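A look at the structure
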Amino acid sequence: MSSYPDASHRVLNRARPSVVSLVRETPEPQRLTLMASPCSVTLDLARSALVVVDMQNDFCHPQGWFASSGIDIAYAREIIPGLATLMASARQRNVPVIHLHWGVRADTMELSTGQLMFGRQFGQRQGYGERSASGHSILVRDEWGAAAIDELAPTNEDIVVHKSRFSGFWHTELDAILRRLDITTLLLAGINTERCVMATLQDASFLGYNVVLMEEAVATPSPDVSRQAALTLIRQLYGFTARGCSLDEQ
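The rules behind these values
Residues numbered from 1 in each chain as written. Predicted model: local features only at pLDDT ≥ 70, side-chain atom pairs only at ≥ 80, totals over all residues. Heavy atoms only, no water. 1 Å grid on protein atoms, 1.4 Å probe; cavity = no way out; pocket = protein on both sides within 12 Å on 5 of 7 lines; lining within 4 Å. Points joined across faces, edges and corners; volume = space filled by probe spheres on them. Helix = DSSP H or I, 4+ residues; strand = E, 2+ residues; numbered from the N terminus. Nonpolar A, V, L, I, M, F, W, Y, C, P; charged D, E, K, R; others polar. Pairing = 2+ DSSP bridges. Buried < 20%, exposed > 50% of the residue type's maximum accessible area, 1.4 Å probe, protein only. Right-handed = clockwise from strand over helix to strand, strands pointing away. Core = buried A, V, L, I, M, F, W, Y, C linked by side-chain atoms within 4.5 Å. Contact = heavy atoms within 4.5 Å. Expected span 1.5 Å × (residues − 1).

**Digging into the layout of surface pockets**
Here the largest pocket defines a volume of roughly 410 Å³. Lining the largest pocket are 20 residues, and of these Phe66, Arg125, Tyr128, Phe166 and Arg195 sit closest to its centre. Counting residues per element, the lining of the largest pocket draws most heavily on helix H6 (residues 113–119), which supplies four residues. Taken as a whole, the second largest pocket holds about 160 Å³ of empty space. In this structure, the second largest pocket is lined by Gly103, Val104, Arg105, Glu110, Arg141, His162, Lys163, Ser164, Trp170, His171, Thr172 and Glu173. Along the lines of polarity and charge, the residues of the lining of the second largest pocket split into two nonpolar, five polar and five charged.

**Topic: the sheet that holds strand S2 (residues 36–37)**
The sheet built from seven strands is open, its strands ordered S2-S9-S8-S7-S4-S5-S6 with mixed pairing. Where the open sheet ends on each side, the last strands, each with one partner, are S2 and strand S6 (159–163). Both strand S4 (residues 48–53) and strand S5 (residues 97–102) contribute to a ladder of four bridges, which runs parallel. Considered in S5, the bridge of valine 51 is made with isoleucine 98.

**Some words on the pairing of strand S8 (residues 210–219)**
The buried count for S8 comes to eight of 10 residues, which makes it a mostly enclosed element. Relative to S8, strand S7 (residues 185–191) runs parallel, the two sharing six bridges. Among the inter-strand pairings, leucine 186 is bridged to a residue of S8, identified as valine 211. Pairing between S8 and strand S9 (residues 240–242): three bridges, direction parallel. Counted as the bridge partner of methionine 214 is alanine 242 from S9. Handedness of the S8-helix H9 (residues 224–238)-S9 crossover: right-handed.

**Concerning the nonpolar core**
One finds Leu50, Met55, Leu83, Leu86, Leu178, Leu186 and Ile191 to be the most contacted residues of the largest nonpolar core, which totals 70 residues. Apart from residues no more than four positions distant in its own chain, methionine 55 is found in contact with Cys60, Ala76, Ile79, Ile80, Leu83, His101, Ala148, Ile149, Leu152, Gly190 and Ile191.

**Side note on H9**
The end-to-end C-alpha separation of H9 is 20 Å, in line with the 21 Å expected for 15 residues at 1.5 Å each. Those residues of H9 that are buried lie in contact with helix H8 (193–206), S8 and S9.

**So, the environment of proline 17**
Within the secondary structure, proline 17 is located in the loop between helix H1 (7–12) and strand S1 (31–34). Along the primary structure proline 17 and isoleucine 183 are separated by 166 residues, whereas in three dimensions their C-alpha atoms are 29 Å apart.

Rendered as C-alpha cells:
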C-alpha cells in the first residue's frame, strides 16, 4: 500500500486564508470629454469599455460570406484604419477592448427557423453554419469566418465574446464580464450601425449602462436613411454619438 496521501487528502490540508476580501478597489476617475450629440459628454475611462462589433472575416474579408454573396464590403473596409486607431488609443488608456463576434454552433441548434431563413435570404444565398464558397462554415465559432480580420486581431489583453443574436447581451457572458470589470459606460464601434451595433447599444441602455456610439467607427451597407434613423434614435432615447476615432482629449 502506498505511503503517499491521495489528492483529496492534500487538498483538505492546504492552508486556508483566515479572511477573504470582497472589497473592490475603486480606481481614480480618468475623465475625458468627447465632442458628441446631442451634447458633449465627459467619460470616466477607468469605468469604460470599447465594444467592437462584428469586424470578422465573414463580414469584412474579400473571401468572406458577405463578399462571396455579392455584398460590396467597401463600407466595412473603410472604417478599419480608424477603428485600429481607436482600439490602440483604448489600450493605451487601459480601456478594455471587447470583440463582440458572431460565433454559432456548427449544428446551428441555438438559432430559430426564422433566423436561419433570414440568414439564407430565403434561399438566395448560403446561411449560418453552411459551407461558403471558400469552403469554411459560415460564422461557426472557432472557424476562419468567425475570426476577427487580421487588421483588428485581438491582443492577449483583449476580450472576445461570441454571440448568436444581433444583440451581444442575449445568451452571452457579456453583461457578467462588464459587471466583473465594474464597467458603467460602453463605447460602441463596428458593423452594422442599425443592426448588431444598434441592438447591442439598446440592450446595454436597458441594462443601465451609459452608451456612446463612435460615429466614425461604425458603418452599414444599408441606405443612409437607415444610418440617420439610428443616430436620431440614439440621440433622442439612449445616449450619445461621438465624433473622432481617439480617446485622447479633444
